[in-house]
Amino acid sequence: MISAQNTMSGVRRTIPIALHVLLFVMTFAALHAADPWDRLTTAANRPPAEAEKELNALLLENPTFHAAHYDLGTLILKKDPEAAAAHLLAATMSPNRDLAADAYHNLALARWSQGRLEDALAAEVRAADLNPELAPQRDQMRKAVLVRKDDARLKAEEEARRLKIPNADLPPAFVNEPYDAHVAARGGAGGNRFSADAKTVLPKGLELDPDGRLHGTPSEAKRHQLALQITDSTGATATGTIGLEVRPPPMITTEALPEAVAGQPYRAELAQNGLATPRWTADGLPEGLSIEEGPAATSAIVGTPLAPTAARIAVSALEDPRRADRAYDLIVGDAFAPDVAVLPPATAWAPYTHRVGVRGPALDYRWELSSRMESMAMASDGTLTGTPEKAGTMRVPVRISVPDGRTRTAQLSLPVNPPPVIEEKDPIQLTQGSPAERPLSASGGTPPLAWSLANGELPAGIRLDPDGALRGATAATGDYEITVALKDRWDAGTQQKLKITVAQANDGAKQDQQQPGKKDDQKKDDQKKPDGQDQKPGDQDQAKKPGDDKKPGDESKPGDSKPGDEAKDQQDAKAKQDQQAKDQANQQARDQQRKDQAAKAAKAAKDAKDQKDAGKPGEKPKDQAPSDPAPVAQGKPDPAQEHAQAATARWLETLPIENRAALRDQLLHGQSQTAPRGKPW
């Protein structure tokens, strides 16, 4: 018995030991298999697609694994710079200075790809702070940023010089009022002459003069898009679209005021057309009522009338020098009445619904039509429904009753608008690279109107906003066909096909057209200035021709020669020959100096390239990075290099003199070495 007990006890002691050993082995194997550094190494040796998938999975399990963020960001740097930047930014938090430095360096490349030059330079500066070996890349990115900025400045200057008509709106015009405005133009050589496109119809009553003056007295309220052309004194041309809104004469549009009830709150909205920010007044209001300013140039009569009455009210909207006036009859009763006299507008052939309220004490009011209507019906709670069959103003007779037997009748007005119509007949003209703000024209419908694109594709960079305006800018050119849709408040809608023509930007080539001989003369002048530089004072002698030193009146005349003049002439001729020989020697010395400078620059560029190809021990080849201007070649000056020199000279003029020489050499001859560096971590 004792032996059996000892045996069982031994078994009990053995089982826990075996389990511990097994658990230890399994845990060690699991930890070893899940080691993130091993998985990182495995991912680095896989094809890019598999490596990206593995690194994403690794980061899901280890979100703060900086090396994995670095490898993934570097892997997708060219494919997705924005996502790469997010991973590289996470990698910059690594406590390992080398890893953080390389992450900042590649982050700079991602920012550069995104066009964020200042952010790219800031990241490269941070990389060099962590690892001084990256200082050359930092300096080269600085040069690249400077070159990009100078290039952007030159493009801006060129754009400012280019002849164009800015797409904008002229000041609004008013029906039956004299109008006078000038179309603006930018750039060009001056002497501009304006004309309307053959398909453009000017507003009735207005004329366009060749100097861009648009004047006259418009007779029709409408928004116009005027396609105009401008030609300057050199023959360069440009086109543009100008918006002009002809507003109706000022008018208060509210037809009638609803009946008020003594002792009950009252509000009656007032609307107008033709005034932007009017000041409202009202004379003859019953006691307890006043007029107040409302939003969007509207107003309202508000308050609580104190006693029943009948009043004649004169309402005015003033905006010097224009004004609008209208008179109303206002009844203040002692019982109850509809809360509106004019219902919200409807649209012809579109379903309509509106519930009318009652102004009066809290009672159980019952509504009905006091006479039959073909297309409309009214429920007992005051909800009016139906489909108006034509545009115009409908009269809606109603009867209101209360349980004590009292009734009253009223007649409401229902404005019915025509269905919406898109009024775009001609192709819509846009210009490549120019900001677009082109509202589409429509009439009819009940606001708010909502526009949308039903079919087709707009030029890249152009959008159609719900308010019906084409906005944006596109680098594309050509013709585009789209279908636009328009719906109003009651879902009355329409569609129309439109053609959009994007004209090529005027690149200024026409502006370079000159009179015969003028361009050749300019070339000759340029040839007198080698390397894009002006002649120095000491070079002027070489440009002179024999006889240039003579003054008016020095010409010899027959019989003017004196004894000894022949010897003097020979002496002068010899002196001129000596001077010409001296000038020729100076010119040869200057030519040789330029050749030496070009050779020196080419050698510096070659040394930089050799340094780039050499790289660091153990590194992979580096990718091409932001490029700077190419080094100067030996021999005949390259026209592109001369242009770069001239552009750089203009930029360098803004810097302190002591910095210009070094920066010029760096900008024109430096080679950027910025590229992803190092092996995967």
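1. Notes on the confidence of the model for the chain
Step number 1: When pLDDT is averaged along the chain, the result is 79, and 69% of the positions lie at 70 or above.
Step number 2: Every residue in residues 612-636 scores below 50 in pLDDT, and together they form 54 contacts with partners more than four places removed in sequence or on other chains.
Step number 3: Counting contacts from residues 664-674, a segment whose pLDDT is below 50, to residues more than four positions away or on other chains yields 51 contacts.

2. What to know about the sheet that holds strand β14 (residues 289-293)
Step number 1: Within the open sheet, the three strands sit side by side as β11-β15-β14. Their pairing is antiparallel. Each having just a single partner strand, β11 (266-270) and β14 make up the two edges of the open sheet. If you compare each strand with its neighbour and ignore which way they point, the axes differ by 20° on average.

3. Here we look at the sheet that holds strand β23 (residues 376-378)
Step number 1: Ordered in space as β20-β24-β23, the three strands form an open sheet in which the pairing is antiparallel. Only two strands of the sheet have a single partner each, and these edge strands are β20 (352-355) and β23. Ignoring strand direction, the axes of neighbouring strands in this sheet form an average angle of 15°.
Step number 2: Where β20 meets strand β24 (residues 383-386), four bridges bridge the pair, whose relative direction is antiparallel.

4. What about the packing of helix α4 (residues 66-75) against helix α5 (residues 81-91)?
Axes are the key here: two packed helices are described by the angle between their axes and the distance separating the axes.
Step number 1: Look at α4 against α5: their axes get within 8 Å of each other, and the N-to-C directions meet at 150°. The pairing of α4 with α5 is recorded here as roughly antiparallel in orientation. Judged by the sense of rotation from one axis to the other, the crossing of α4 with α5 is left-handed. Residues His 66, His 69, Tyr 70, Leu 72, Gly 73 and Thr 74 of α4 form the contact with α5, whose participating residues are Ala 84, His 87, Leu 88, Ala 90 and Ala 91.

5. As for unusual backbone geometry
Step number 1: A cis amide bond links Asp 320 with the next residue in sequence, Pro 321, at an omega value of 5°.
Step number 2: When you line up the elements, Pro 321 lands in the loop between β16 (309-319) and β17 (322-333).
Step number 3: Omega for the peptide link from Pro 447 to Pro 448 comes to 0°, which places this bond in the cis form.
Step number 4: Of note, Pro 448 is situated in the loop between β30 (442-443) and β31 (450-456).
Step number 5: Positive phi values are uncommon outside glycine, yet Asn 176 reaches one of about 65°.
Step number 6: With respect to the helices and strands, Asn 176 occurs in the loop between β2 (173-174) and β3 (179-182).
Step number 7: You will see that Ala 297, though not glycine, has its phi angle at about 65°, which is positive.

Parameters at a glance
- Residues numbered from 1 in each chain as written.
- Predicted model: local features only at pLDDT ≥ 70, side-chain atom pairs only at ≥ 80, totals over all residues.
- Heavy atoms only, no water.
- pLDDT = per-residue confidence, 0-100.
- Contact = heavy atoms within 4.5 Å.
- Pairing = 2+ DSSP bridges.
- Helix = DSSP H or I, 4+ residues; strand = E, 2+ residues; numbered from the N terminus.
- Axes fitted to C-alpha atoms, helices over the stretch in contact; angles between N-to-C directions.
- Parallel < 35°, antiparallel > 145°, perpendicular 65-115°, else oblique.
- Left-handed = near helix turned anticlockwise from the far one by under 90°.

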